[in-house]
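In case you want the letters, here they are:
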Amino acid sequence: MSERPEILILNGPNLNMLGTREPELYGAETLDDVDAMCADHAATLGLATDFRQSNFEGEMVTIIQQARGSASGIIINAGAYTHTSVAIHDALRVADLPVIEVHISNIHRRESFRHTSYISSVAEGIIVGLGTQGYVLALDGMARILDRT
Ligand code: CA2
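Predicted model only: the values in this text are computed from it and were never measured. (Residues numbered from 1 in each chain as written. Predicted model: local features only at pLDDT ≥ 70, side-chain atom pairs only at ≥ 80, totals over all residues. Heavy atoms only, no water.)

K.L.:
Is there a simple way to explain the sheet that holds strand 5 (residues 125-128) in this structure?
P.N.:
Within a beta sheet, neighbouring strands are joined by backbone hydrogen bonds and run either parallel or antiparallel to one another. Taken in spatial order, the five strands line up as 2-1-3-4-5 in an open sheet, and their pairing is parallel. Here the strands that pair on one side only, and so sit at the sheet edges, are strand 2 (48-53) and strand 5. Here the strands of the sheet are splayed against their neighbours by 15 degrees on average, with no regard to which way each runs. In terms of strand pairing, strand 1 (residues 6-11) meets strand 2 through six bridges, oriented parallel. Paired with Glu6 across the bridge in strand 2 is Ala48. Sheet strands touched by helix 3 (residues 57-70): strand 1, strand 2 and strand 3 (73-77). Its angle to strand 1, the strand with the most contacts, is close to 175 degrees. (Pairing = 2+ DSSP bridges. Helix = DSSP H or I, 4+ residues; strand = E, 2+ residues; numbered from the N terminus. Axes fitted to C-alpha atoms, helices over the stretch in contact; angles between N-to-C directions. Contact = heavy atoms within 4.5 Å.)

K.L.:
When you look at the packing of helix 3 against helix 4 (residues 86-95) in this model, what are you seeing that I'm missing?
P.N.:
Helices that pack against each other are described as a pair by the angle of their axes relative to one another and the distance between those axes. One can describe the packing of helix 3 onto helix 4 by two numbers: an axis separation of 9 Å at closest approach and a directional angle of 5 degrees. Here helix 3 is positioned roughly parallel relative to helix 4, judged by the angle of their axes. Judged by residue contacts, Glu57, Met60, Val61, Ile64 and Arg68 of helix 3 engage Ala87, Ile88, Ala91, Leu92, Val94 and Ala95 from helix 4. Residue composition of the contact of helix 3 with helix 4, grouped by class: nine nonpolar, no polar and two charged. (Parallel < 35°, antiparallel > 145°, perpendicular 65-115°, else oblique. Nonpolar A, V, L, I, M, F, W, Y, C, P; charged D, E, K, R; others polar.)

Here it is, written out as structure tokens:
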């Protein structure tokens, strides 16, 4: 059997805290639960996942740079770096892979500083406010994108 295309699912700062606090905003699932849900769903789509989390901007840049050689697409929830990071924006542009941006909460319903995203302009699509289900929907979107490329 041929190898399944791999999708990097990259999570930014504080998302390792998922399921431990603020369940009203981010739900009750842990990041490990989301990892397992994504791996299961990806398998049904003929995809594999490389599910990662980092609290460090530079490390996220390095992970994105490395994905260029190994991944077919990137699903990213850059956490708070979404709203600040030109470095992650540049890395995603250079990676030259399809990108889908995910946010668990609806960033447009929250503080105005969350309304700006440095990721959106390099993304094929954006999923916000649908909880952790957004990651699964992003995998569906990525499967469609890869089918037509
Ligand atoms: O809604 C999202 O997915 C966010 O990317 C989450 C980030 C936030 O800075 C973005 O504006 C929107 C924060 C992630 C923090 O996650 C926590 C989860 C549980 C407990 C504490 C933090």
